[in-house]
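Chain by chain, the residues run as shown.
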Amino acid sequence: MRHLLSAGDLSYDEATQVLDTAKELSQLSGHSVKKFPTLRGRTVVNLFYEDSTRTRTSFELAAKRLSADVINFSAKGSSVSKGESLKDSALTLQAMGADGVVIRHSASGAAHRLATWVDGAVVNGGDGTHEHPTQALLDAFTIRERMGDLAGLRVTIVGDVLHSRVARSNVLLLHTLGAEVTLVAPPTLVPVSVHTWPCAVSYRIEDVLPKSDVVMMLRVQAERMKGEFFPTAREYSRRYGLDRERFARLPADAIVMHPGPMVRGMEISAEVADSPRSTVTEQVTNGLSVRMAVLYLLLGGSESAIGNQEAQG
Amino acid sequence: MCAKKRANGDESGGGDPPSRTEPEGSRAVLEGPEISRALTRIAHEVLERTKGGEGVILLGIPTRGVPLARRLAERIERVEDRHVPWGSLDITMYRDDLRLAPARALGRTEIPADGIHDSVVVLVDDVLFSGRSVRAALDALNDLGRPRAVQLATLVDRGHRQLPIRADYVGKNLPTSLREKVTVLLDELDDRDAVLVGPAKPRNVAEGDR
């Protein structure tokens, strides 16, 4: 069984296949019955150890639109709060015969670990500060819808790169798809290993904005911070926030993205967030199509069309 | 087994440049002019059966049903001076053999803007074989809306039905053996109009299960 654990595992062809499939599935809204019978009789488990509304409901709806049976397992109010380990939860799911497991966990690498324990396909719905591949896929889909081909596009990712799984997944996937990615962050919020990533790094947002086709703003993930990374929120916002003045420096057709949830007035001003060039709500809509595509390609056939052949333990 | 028919169609549309020489052992049973005449006749029959084409929508089943639907729409327009909406209906998500092969790429579904409600949908496919594609298409239509009636047009009916399905309009009835394969080539995709009958290679069975 194959899995979707990292955006970096997808080849150009596989990533393109997901995006093409998502494009066809996005037309479902015109149907009188907004459902496909494709995954009838298959079971998808949403295993969420971290709070998430957007991602969990998106995966849940995606699975239901494909007629799969969906079980939601959240850490609160389940055996997990009674002290059950991830492995025991996984074996319980295994015993129930789950065909697919979507996992969100605060520990980086949790999805890889799970993939070695269960027979079903594992989809990484966000593991710690590591990866969030379906977010990267829906971002790529949104860029493609707005800008056409991704090859040669200049994508700038601004904000808390250190704690962001979205940034890593996006850098890997966008690089595969031929885009040029630049990370912009305070030096304290750039990961030590960033030189191994296929992207450029800058500390000054003003220099990069005029040369960007796409700007992706990241939320400052205060809940993951174990220390002081910048003096005050106000200073961060003044130096790295996307306000009206900085927005004006962008090329006229550039778009602004945000994976959500946004903190208005911190990394993005309300005016920019509500601009027609902001794709925030489109990203949510596209997330559904992309997750349907991923579930279809992993679970729809006799074997998966995408993803890792085997998990690395 | 309808997978086999599709796979054969895919094969002819594949990377190899089309050539005038037939693949080994196969012969052309229909050439361009005959295909053209058959489509013109079907266009007339559609107009007759639907009393002038009122409310007709032509939906081609990808891949080769789609150009056929477009050609039929053009012919009807020429004959009766009536615009007939046409589109495509992908059946991949409704196939009954999905579990027999890795997940397939999806084709395009494009339905005319006004939808199919209360219309007469004519499904258009290149080859009618087991009938399983048509069953999938009927299921897909059911999720799109509620047409007044559904009819089926096919360029070639090669027999060997596995379901109680028949075509309303047939370009050519082509009695075949299960050891043969039927390949439809269309100008839009293959730079040539022809219907070929040749021996099914043993590996085609495996390919058909793709």
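Residues numbered from 1 in each chain as written. Chains lettered and ligands numbered in written order. Predicted model: local features only at pLDDT ≥ 70, side-chain atom pairs only at ≥ 80, totals over all residues. Heavy atoms only, no water.

(A) Quick peek at the overall build of chain A. Looking only at helices and strands, chain A has 11 helices and nine strands in total. In terms of its C-alpha atoms, chain A occupies a principal-axis envelope of roughly 55 × 45 × 35 Å. Relative to its 313 residues, chain A shows a buried fraction of 59%. Considering only contacts within chain A whose residues lie at least 6 apart along the sequence, 76% involve residues at least 24 apart. Each charge class in chain A was averaged separately, 34 positive and 35 negative side chains, and the resulting centres sit 4 Å apart. (Helix = DSSP H or I, 4+ residues; strand = E, 2+ residues; numbered from the N terminus. Buried < 20%, exposed > 50% of the residue type's maximum accessible area, 1.4 Å probe, protein only. Contact = heavy atoms within 4.5 Å. Lys, Arg positive; Asp, Glu negative; His and termini not counted. Charge placed at Lys NZ, Arg CZ, Asp CG, Glu CD.)

(B) Looking closely at the packing of helix α1 (residues 12-25) of chain A against helix α5 (residues 133-147) of chain A. Residues and elements named next belong to chain A. Across the interface, α1 lies against α5 with an axial gap of 10 Å and an inter-helix angle of 65 degrees. Here α1 is positioned roughly perpendicular relative to α5, judged by the angle of their axes. For the pair α1 and α5, the sense of crossing is right-handed. Side by side, α1 and α5 meet where Thr16, Val18, Leu19, Asp20, Ala22 and Lys23 of the first sit next to Leu137, Ala140, Phe141, Arg144 and Glu145 of the second. When grouped by side-chain class, the residues that make up the contact of α1 with α5 number six nonpolar, one polar and four charged. (Axes fitted to C-alpha atoms, helices over the stretch in contact; angles between N-to-C directions. Parallel < 35°, antiparallel > 145°, perpendicular 65-115°, else oblique. Left-handed = near helix turned anticlockwise from the far one by under 90°. Nonpolar A, V, L, I, M, F, W, Y, C, P; charged D, E, K, R; others polar.)

(C) Just the interface of chain A and chain B, in detail. Between chain A and chain B, the residue contacts involve 24 residues of the former and 19 residues of the latter. Carbon and sulfur atoms supply 52% of the area buried between chain A and chain B, which totals about 1800 Å² over both sides. In this assembly, chain A and chain B are joined by one salt bridge. Measuring nitrogen to oxygen at the nearest pair gives 2.7 Å for the salt bridge that ties B:Arg108 to A:Glu24. At the junction of chain A and chain B, the tally comes to 10 residue pairs in polar contact (both at pLDDT 80 or more). In terms of residue count, α1(A) provides more of the side of chain A that touches chain B than any other element does, five residues in total. For the side of chain A that touches chain B, the residue count by class is nine nonpolar, nine polar and six charged. (Buried area = accessible area lost by both parts, 1.4 Å probe. Salt bridge = Lys/Arg side-chain N within 4 Å of Asp/Glu carboxyl O. Polar contact = N/O pair within 3.5 Å; in protein donor to acceptor, adjacent residues only side chain to side chain.)

(D) Region of interest: the nonpolar core. Ranked by internal contacts, the top residues of the largest apolar core, which has 110 residues, are A:Leu137, A:Ile157, A:Leu173 and A:Leu174. Residue assignment places this core across two domains, with domain 1 (7-131 + 284-299) and domain 2 (133-279) of chain A each supplying three or more. Leaving out residues up to four positions away in the same chain, A:Leu137 has contacts with A:Leu4, A:Leu10, A:Val18, A:Leu19, A:Leu173, A:Val290 and A:Val294. Judged by nonpolar contacts, the second largest core, of 30 residues, contains B:Val46, B:Val84, B:Val120 and B:Tyr169. (Core = buried A, V, L, I, M, F, W, Y, C linked by side-chain atoms within 4.5 Å. Domains from an automatic or database assignment.)

(E) Layout of the packing of aromatic side chains. Here the structure, examined in full by the defined rule, presents three aromatic pairs over all chains. Summarising the aromatic geometry, the rings of A:Phe230 and A:Tyr236 are spaced 4.9 Å apart at their centres and angled 35 degrees between planes, so their arrangement reads as tilted. Taken as a pair, A:Phe230 and A:Tyr236 share a single burial class, namely buried. Connected via pairs of aromatic rings, a cluster forms that spans A:Phe230, A:Tyr236 and A:Tyr240. Directly above the aromatic system of A:Phe59 lies the positively charged group of A:Arg291, at a separation of 4.9 Å from the ring centroid. Sitting over the face of the ring of B:Phe129, B:Arg158 holds its NZ or CZ atom 4.0 Å from the ring centroid. (Phe/Tyr/Trp six-rings, centres within 6.5 Å; stacked < 30°, edge-to-face > 60°. Lys NZ or Arg CZ within 6 Å of the ring centre and 35° of its normal.)

(F) Here's a closer look at the UniProt feature "binding site: L-aspartate" (unreviewed entry) in chain A. Residue and element names in this part refer to chain A. Per the UniProt record, the feature "binding site: L-aspartate" (unreviewed entry) sits at Lys82, Arg165 and Arg219. The named residues occupy 138 residues along the chain; their greatest pairwise C-alpha distance, 31.7 Å, places them well apart from one another. Of note, lysine 82 is situated in the loop between β2 (69-74) and α3 (86-96). Taking relative accessible area as the criterion, lysine 82 reaches 75% and is therefore assigned exposed. Residue position: arginine 165 is located in helix α6 (residues 165-176). Arginine 165 sits in the buried class, given a relative accessible area of 7%. Those residues in contact with arginine 165 that sit more than four places away from it in its chain are Glu50, Arg104, His105, Gly126, Asp127, Gly128, Thr129, His130, Glu131, His132 and Arg224. A distance of 3.1 Å separates a polar atom in the side chain of arginine 165 from a polar atom in the side chain of glutamate 50. (UniProt positions renumbered as here; feature names shortened; annotations may be inferred.)

(G) Inspection of helix α4 (residues 132-144) of chain B at higher detail. With 13 residues, α4(B) extends 19 Å from end C-alpha to end C-alpha; this agrees with the ideal 18 Å at 1.5 Å per step. Along α4(B), the residues that are buried comprise B:Ser133, B:Val134, B:Ala136, B:Ala137, B:Ala140, B:Leu141, B:Asp143 and B:Leu144. (Expected span 1.5 Å × (residues − 1).)

(H) Spotlight on the sheet that holds strand β1 (residues 27-31) of chain B. All names here are of chain B. With respect to topology, three strands assemble into an open sheet ordered β1-β8-β7, the strand pairing being antiparallel. Both edges of this open sheet fall to β1 and β7 (180-185), since each of them pairs with a single strand only. Taking the axes of each pair of neighbouring strands and ignoring which way they run, one obtains an average angle of 20 degrees across the sheet. Both β1 and strand β8 (residues 194-199) contribute to a ladder of four bridges, which runs antiparallel. By the bridge assignment for β8, glutamate 31 is matched with alanine 194. (Pairing = 2+ DSSP bridges.)

(I) Structural context of the confidence of the model for chain B. Residue and element names in this part refer to chain B. Chain-level statistics for chain B give a pLDDT mean of 87 and a share of 86% at 70 or above. Across chain B, the element-wise mean pLDDT spans from 42 in helix α1 (residues 2-12) up to 98 in strand β5 (residues 149-157). Predicted confidence for residues 1-19 stays below pLDDT 50, and this span has 52 contacts to residues more than four positions away or in other chains. A low-confidence stretch, residues 204-210 stays under pLDDT 50, and its non-local contacts, those more than four residues away or across chains, total 16 contacts. (pLDDT = per-residue confidence, 0-100.)

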